[in-house]
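# Architecture and fold: a report
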Amino acid sequence: MATTPRAISLYRRILREHRRKLPYEMRMLGDKYVGEEFRRHRGEEEGGSFLPKFFAEWERYVSMLEQQTPQTGFGAPLEAS
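Residues numbered from 1 in each chain as written. Predicted model: local features only at pLDDT ≥ 70, side-chain atom pairs only at ≥ 80, totals over all residues. Heavy atoms only, no water.

## Points about the pattern of salt bridges
Pairing is possible between side chains of opposite charge, provided their charged atoms come close. In total, this model carries seven salt bridges according to the counting rule given. Two residues, Arg 13 and Glu 59, come together in a salt bridge whose shortest N-O distance is 3.0 Å. With Arg 13 in helix H1 (residues 5–21) and Glu 59 in helix H3 (residues 50–67), this residue pair connects regions lying 46 residues apart in the sequence. Residue classification places Arg 13 among the partly exposed positions, given a relative accessible area of 21%. You can call Glu 59 partly exposed: its relative accessible area is 25%. One salt bridge in this structure joins Arg 27 and Asp 31, with 3.7 Å as the shortest N-O distance. You can see Arg 27 and its partner Asp 31 sitting in helix H2 (residues 24–40), four residues apart, about one turn around the helix. Here the salt bridges do not stand alone but share partners, grouping Arg 13, Glu 59 and Glu 66 into one network. (Salt bridge = Lys/Arg side-chain N within 4 Å of Asp/Glu carboxyl O. Helix = DSSP H or I, 4+ residues; strand = E, 2+ residues; numbered from the N terminus. Buried < 20%, exposed > 50% of the residue type's maximum accessible area, 1.4 Å probe, protein only.)

Nothing here speaks to function; it is all geometry.
Okay, structure coming up:
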């Protein structure tokens, strides 16, 4: 992954949504976790099978944050399995 424009853009979007939507304590925890995850996978190869899944899951997460309003609360509803 190195520091591709896609990775940097996604990372910034996530931090921006944390700043807009999460309470301070959750934001601090979330920012730390996101930073660790992106750092941990910095050395992944672009053509590998892992990065598409990595980006897809973080895109899904940030899309969920972008759709949330104060009325809907935080997180996604849990489904019975």
